[in-house]
Amino acid sequence: MTRELYKQWITTVFLPSVRKFQNERGVKKKVLLVVDNARCHLSKEETELIDDMIIVQNLPLNVTSLIQPMDQGVMQKMKQLYKKSLLREMLLVEDKLCVLKFLKERNILHCCIQISQAWSELTSTNICRAWRKLIPACDIDLENKKDMSEDDILQILYRLPGFQNITVDQVSSWLEVDSMIAQNLVVMF
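Residue indices begin from 1 for each chain and proceed along its sequence in written order. Where local features are concerned, this predicted model is filtered to residues with pLDDT of at least 70; where side-chain atom pairs are given and counted, the filter is 80 or more; whole-chain, interface and lining totals use all residues. Only hydrogens and water are set aside; all other atoms, that is, all heavy atoms of the structure, feed into the side-chain values.

Chemist: Let's hear about the pairing of strand β2 (residues 54-58): which residues, and what values?
Modeler: One ladder, built from 5 bridges, connects strand β1 (residues 31-35) with β2; its direction is parallel. Each bridged residue has a counterpart across the sheet, and for Val 35 the counterpart in β2 is Asn 58. Note that the unit made of β1, helix α2 (residues 44-50) and β2 has a crossover that is right-handed. Two strands pair if DSSP finds at least two bridges between them. For helices the rule is a DSSP run of H or I covering at least 4 residues; for strands it is a run of E covering at least 2, with both sets numbered from the N terminus onward. Orient the strands so they point away from the viewer, and a crossover whose first-strand-to-second-strand path over the helix runs clockwise is right-handed.

Chemist: If you had to explain helix α1 (residues 3-25) to someone new, which residues and values would you point to?
Modeler: Here the expected length of a helix is defined as 1.5 Å per residue gap, with one fewer gap than residues. Under the 1.5 Å per step criterion, the end-to-end length of α1 is 31 Å for 23 residues, consistent within 8% with the ideal 33 Å. Along α1, the helix axis deviates most sharply at Ile 10, where the bend reaches about 35°. Exposure classes here rest on a 1.4 Å probe applied to the protein chains alone. A residue is buried below 20% of its type maximum, exposed above 50%, and partly exposed in between. Residues of α1 that are buried include every one of Tyr 6, Ile 10, Phe 14, Leu 15, Val 18 and Gln 22, and no others. Residue contacts are defined here by distance: any two heavy atoms, one from each residue, within 4.5 Å place the two residues in contact. Where α1 is buried, its residues meet β1, α2 and β2. Each residue is assigned a bend, namely the angle between axes fitted to the seven residues that terminate at it and the seven residues that start at it.

Chemist: Could you give an account of helix α8 (residues 150-158), naming the residues involved and the relevant values?
Modeler: Along α8, the residues classified as buried are Glu 150, Ile 153, Leu 154, Ile 156 and Leu 157. End-on, the buried residues of α8 take up no more than an arc of 160°, which puts them together on one face. Directions are taken from the helix axis to each C-beta atom, and the arc is the one they span.

Chemist: Tell me about a nonpolar patch on the surface, and please be specific about residues and values.
Modeler: A patch consists of residues whose relative accessible area exceeds 30% and which take part in no salt bridge; residues with like charges are grouped when within 9 Å of each other, and nonpolar side chains (Val, Leu, Ile, Met, Phe, Trp, Tyr) when within 5 Å. A 1.4 Å probe and the Shrake-Rupley method give the accessible areas. Residues count as covered only by the protein chains that appear here. Put simply, a salt bridge is a Lys or Arg side-chain nitrogen that is within 4 Å of an Asp or Glu carboxyl oxygen. A grouping of Leu 32, Val 34 and Ile 55 is seen on the molecular surface, where their side chains present a nonpolar patch of about 260 Å² in accessible area. Its location among the elements puts Ile 55 in strand β2. What makes Ile 55 partly exposed here is its relative accessible area of 37%.

Chemist: Describe the nonpolar core, with residues and values.
Modeler: In this structure, Leu 87, Met 90, Ile 153, Leu 157, Leu 160 and Val 171 are the most contacted members of the largest nonpolar core, which totals 15 residues. Elements represented by at least two residues in this core include exactly α4 (69-92), α5 (99-105), α8 and α9 (168-188). Excluding anything up to four places from it in sequence, Leu 160 contacts Leu 87, Met 90, Leu 91 and Val 99. In terms of nonpolar packing, the next biggest core, distinct from the first, is built from 12 residues, Phe 14, Val 18, Ile 54 and Val 56 among them. Nonpolar cores were defined as sets of buried Ala, Val, Leu, Ile, Met, Phe, Trp, Tyr and Cys residues, with membership established by side-chain atoms within 4.5 Å.

Chemist: Give a detailed account of the pattern of salt bridges, specifying residues and quantitative values.
Modeler: Scanning the model with the defined rule gives 7 salt bridges in all. Between Glu 46 and Arg 3 there is a salt bridge whose closest N-O contact spans 2.8 Å. Remark: Arg 3 occurs in helix α1 and Glu 46 occurs in helix α2; sequence separation between them is 43 residues. With a relative accessible area of 36%, Arg 3 lands in the partly exposed category. A salt bridge links Arg 25 to Glu 24, with the shortest nitrogen-to-oxygen separation between them at 3.4 Å.

Chemist: Before we move on, could you go through the packing of aromatic side chains and cite the residues and values that matter?
Modeler: Any aromatic ring pair is given by two values, namely how distant the centres are and how the planes are angled relative to each other. Each Phe, Tyr or Trp ring (for Trp, its six-membered ring) is paired with any other whose centre lies within 6.5 Å, and the angle between the two planes then decides the class: stacked below 30 degrees, edge-to-face above 60, tilted in between. Scanning the model with the defined rule gives 2 aromatic pairs in all. Geometrically, the ring pair formed by Tyr 6 and Trp 9 is stacked, given 6.2 Å between the ring centres and 20° between the ring planes. With Tyr 6 and Trp 9 both in helix α1 and 3 residues apart, this pair spans about one turn of that helix. Ring pairs connect the aromatic residues Tyr 6, Trp 9 and Phe 14, which therefore count as one cluster.

Chemist: Explain the confidence of the model for the protein chain residue by residue, including any values.
Modeler: On a range of 0 to 100, pLDDT expresses the predictor's confidence in each residue. Looking at the protein chain, pLDDT values average 80 and 78% of them are 70 or higher. In this model, residues 185-189 is a region of pLDDT below 50 whose contacts with residues beyond four sequence positions or in other chains number 5 contacts.

Chemist: Quick one: what's the story with the environment of Leu 122, residue by residue and with numbers?
Modeler: Here Leu 122 lies in the loop between α6 (108-121) and α7 (124-130). What makes Leu 122 buried here is its relative accessible area of 14%. As for Leu 122 and Met 75, which are separated by 47 residues in sequence, their C-alpha atoms are 9.6 Å apart. What Leu 122 contacts, discounting residues up to four positions off in sequence, is Val 74, Lys 77, Met 78 and Leu 81.

Chemist: Give a description of the state of the cysteines that names residues and reports values.
Modeler: Each disulfide is one covalent bond, formed between the sulfur atoms of two cysteines. For the purposes of this analysis, a disulfide is any pair of cysteine sulfur atoms at a distance within 2.5 Å. Counted according to the given criterion, the structure contains 0 disulfides. Cysteine Cys 111 shares no disulfide, and the gap to the nearest cysteine sulfur, in Cys 112, comes to 7.0 Å. The exposure class of Cys 111 is partly exposed, given its relative accessible area of 22%.

This is the structure in C-alpha cells:
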C-alpha cells in the first residue's frame, strides 16, 4: 500500500460507498474513518481535506494488534497449531539425539510450509471466536477447550532429548508467550 493508493481508495471506494449508503437511507452526515498509523495513510488533516464529510480518528501507536480480531484470536490459534506441528516433526526425527541438528537445518521454506498447514487447520469456529471481544455473541462454548493439553505436550516433550526436566509451567509459558506479550503492551497504555 502506498499513500497514493490509499488516497485513491478513499476517493474511489470509501467515499462512493458512504454516499451510496447514505443516499439509500436518505441521510447526509459526516463519517468517522478510524485508521491505524501505517505510513501509507495520509495524515488526519490531509484525509479530511479530501472531503469535508470525513472525520479521521487515528488509533494510538502500537494498539492495532491488540484490538484487531485477526491478531487477537486467529493468529494466536495459528501459532499454537504451528508449534504443535513443530513438536510432531521433532518427534519424527529418526535419531533422537539429532533434534538440535534438525532445528538448525530448518529453513524459511520449511517454516512457510508449516505455517500454511497450520493456517489450513483453522476452523470457522476459530475465526468466529476471534471476534468475541467485539461481538459477545461470538463467544461460543469452546472457551477453554484446546486441541492438546499442556500435559499432552509435556508427555511428548519428555520423549525428546534435553526436555526430560521440563515443567507444565514452562509448557504453558511457551504456548501463551504471544498472549503475555499482548498483555504487557496493554499495560503500557
